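# Commentary on secondary and tertiary structure
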Amino acid sequence: MGKLSYEKSGVSISGGDAWVETIKGLLAKAPKDGNCVGGVGGFAGLYRIGGGQCIAACCDGVGTKLELAKATGLYRGLGQDLVAMNVNDLVTVGARPLFFLDYAACGRLDEKILTPIVEGVIDACGESLCALLGGETAEMPGVYGADGFDLAGFSVGIVDEDKIIDGRDIQEGDLLVGLPSSGVHSNGYSLVRSALGAEGLNIDLEMTPEGWNESVAEAVMRPTKLYVKAALAAIAGCELRGMAHITGGGMYGNIIRVIPKHLDINVDFGSWKRPAIFDLIQSAGIEEEEMRRVFNLGIGFVFIISPKELKKLENALEALGEKPVVIGEVIKCGSPE
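My aim in this report is to walk through the structure given alongside it, one point at a time. These numbers were taken from a predicted model, which means no experiment stands behind them.

## A short note on the overall build of the protein chain
Along the backbone of the protein chain there are 11 helices and 11 strands. Taking 20 Å as the expected radius of gyration for a compact globule of 337 residues, we find that the protein chain reaches 20 Å, a close match to that expectation. Projected onto the principal axes, the alpha-carbon positions of the protein chain cover approximately 50 × 45 × 45 Å. Across the 337 residues that make up the protein chain, the buried fraction comes to 50%. Long-range contacts, defined as pairs at least 24 residues apart, comprise 82% of the intrachain contacts of the protein chain with a sequence gap of at least 6.

Next comes the structure, spelled out in structure tokens:
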């Protein structure tokens with residue numbers, strides 16, 4: 001069996017990174033709006049609205065997890081995925097989510113599919129303390145096949161400008177504290193599909209592997225965990241220096257986005273128990289380095305704090321039933337791991 005990779009499954013992380021740089025170059029030529037805070041490439045955009053406040057906004061989708069939903073018939077979790085991929089990004093800058101909007105495009109409007117998805121969106125908005133303000137459903141035959149559809153979401157929040165959390169105060173020796181993921185979440189599914197499909201294990205998605213209490217279908221379709229309440233509790237309970245939502249690009253690629261340029265991170269990948277679904281995916285022939293580059297591997301959200309704030313953070317998170325774990329630290333660039 002040949003080695004599988006995200007690139008071979010049709011997705012280029014390096015190409016995506018290069019595209020972000022292209023967008024930055026295009027924006028550099030455009031007139032500047034003095035109310036914009038920071039630039040593109042962060043987890044959320046920030047815009048001053050006066051009174052010392054900023055709105056934060058972001059948009060995202062659920063990727064090719066849609067195709068596995070079709071294969072398994074498990075659609076409801078996609079609604080939570082859609083909300084989570086947005087609000088989890090939004091809170092990383094310290095913003096409190098205000099509202100969410102959804103966009104669904106399809107070849108044929110099928111209420112049996114779209115109704116459970118919207119139900120999932122509504123429940124996830126409630127859990128994330130934000131309103132579902134509106135959205136759009138576009139029926140687009142000719143663009144999508146009869147059973148084809150795509151989802152996008154948009155979230156907006158608010159934060160005091162002097163309370164924005166952007167990583168600028170991060171120092172050498174700060175700790176990386178992770179919260180468990182619910183599973184694969186909503187990234188890397190082109191590689192998941194290759195690993196479980198004909199190119200890899202060619203597995204029956206309805207089977208329950210030995211020692212598991214759920215089928216493969218149920219494991220890969222678990223909805224993305226919502227981290228809003230945990231993040232807001234952490235903000236209120238201790239001094240945070242940075243936060244990262246672990247999405248496409250894996251642990252290192254996402255945490256490094258909020259780390260100052262003169263610093264680096266050292267992640268101990270053995271500091272938490274990896275969910276069994278990732279072992280199954282890797283057994284299709286995926287190198288460990290590629291697994292780390294693509295998936296969250298069991299940690300979905302990371303806080304960066306001073307060691308003296310660790311107990312306060314743990315107390316705030318454990319009060320919500322969370323199980324935080326120290327997974328690494330901030331180091332100097334070029335420091336040995």
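Picking up where we left off.
## Description of the sheet that holds strand 10 (residues 299–305)
Strand pairing in a sheet relies on backbone hydrogen bonds, with the paired strands running either antiparallel or parallel. Strand order in the open sheet formed by five strands is 8-10-7-11-9, and the pairing between neighbours is antiparallel. At either end of the open sheet lies a strand with only one pairing partner, and these are strand 8 (242–245) and strand 9 (263–267). Averaged over neighbouring strand pairs, the angle between their axes works out to 25 degrees when direction is ignored. Along the sheet, helix 7 (residues 228–237) contacts strand 7 (175–180), strand 8 and strand 10; its crossing angle with strand 10, the most-contacted strand, is approximately 10 degrees.

## Some details on the sheet that holds strand 2 (residues 45–50)
Strand order in this open sheet of six strands is 1-2-3-6-4-5, and the pairing throughout is mixed. Unpaired on one side and paired on the other, strand 1 (36–37) and strand 5 (131–139) mark the two borders of the sheet. In this sheet, strand 6 (residues 149–160) lies alongside strand 3 (residues 53–61) in antiparallel orientation, the contact comprising nine bridges. Paired with Cys58 across the strands is Ser155, a residue of strand 6.

## Regarding the packing of aromatic side chains
Inspection of the entire model under this criterion finds five aromatic pairs. Taking 6.2 Å as the distance between ring centres and 50 degrees as the angle between the ring planes, the aromatic pair formed by Tyr75 and Phe149 counts as tilted. Within this pair, whereas Tyr75 is found in the loop between helix 2 (65–72) and helix 3 (76–90), its partner Phe149 is found in strand 6, the two being separated by 74 residues in sequence. Of the two residues, Tyr75 and Phe149, both sit in the buried class. One aromatic cluster in this structure is built from Tyr227, Phe301 and Phe303. Seen from the ring of Phe43, Arg257 lies directly overhead, with NZ or CZ sitting 3.9 Å from the centre.

## Quick look at the layout of surface pockets
Vacant regions in the atomic arrangement are exposed by a probe of water-molecule size rolled over the atoms. The calculated volume of the second largest pocket comes to roughly 440 Å³. Contributing to the lining of the second largest pocket are 21 residues, with Asp162, Lys163, Ile164, Ile165 and Ile235 lying nearest its centre. Counting residues per element, the ones that place at least two in the lining of the second largest pocket are strand 6 and helix 7. When residues of the lining of the second largest pocket are assigned to their parent elements, the largest contribution, three residues, is made by strand 6. Taken together, the residues of the lining of the second largest pocket break down into nine nonpolar, three polar and nine charged.

## Observations regarding the nonpolar core
Counting 86 residues, the largest nonpolar core has Leu78, Met251, Ile255, Phe295 and Phe303 as the members making the most contacts within it. Apart from residues no more than four positions distant in its own chain, Leu78 is found in contact with Val62, Lys65, Leu66, Ala69, Ile117, Phe149, Leu151 and Met221. Judged by nonpolar contacts, the second largest core, of 10 residues, contains Ala44, Cys54, Cys58 and Ile164.

## Quick look at the packing of helix 2 against helix 5 (residues 189–196)
Any two packed helices are characterised by how steeply their axes cross, that is the angle between the axes, and by the distance between the axes. Relative to each other, helix 2 and helix 5 sit at 45 degrees, their axes nearing to 8 Å. Considering their axes alone, helix 2 and helix 5 lie oblique with respect to each other. Here Lys65, Glu67 and Leu68 of helix 2 lie close against helix 5, whose contacting residues are Tyr189, Val192 and Arg193. The class makeup of the residues in the contact of helix 2 with helix 5 is three nonpolar, no polar and three charged.

Rules of the game
- Residues numbered from 1 in each chain as written.
- Predicted model: local features only at pLDDT ≥ 70, side-chain atom pairs only at ≥ 80, totals over all residues.
- Heavy atoms only, no water.
- Helix = DSSP H or I, 4+ residues; strand = E, 2+ residues; numbered from the N terminus.
- Rg over C-alpha atoms; globule rule 2.2 N^0.38 Å.
- Buried < 20%, exposed > 50% of the residue type's maximum accessible area, 1.4 Å probe, protein only.
- Contact = heavy atoms within 4.5 Å.
- Pairing = 2+ DSSP bridges.
- Axes fitted to C-alpha atoms, helices over the stretch in contact; angles between N-to-C directions.
- Phe/Tyr/Trp six-rings, centres within 6.5 Å; stacked < 30°, edge-to-face > 60°.
- Lys NZ or Arg CZ within 6 Å of the ring centre and 35° of its normal.
- 1 Å grid on protein atoms, 1.4 Å probe; cavity = no way out; pocket = protein on both sides within 12 Å on 5 of 7 lines; lining within 4 Å.
- Points joined across faces, edges and corners; volume = space filled by probe spheres on them.
- Nonpolar A, V, L, I, M, F, W, Y, C, P; charged D, E, K, R; others polar.
- Core = buried A, V, L, I, M, F, W, Y, C linked by side-chain atoms within 4.5 Å.
- Parallel < 35°, antiparallel > 145°, perpendicular 65-115°, else oblique.

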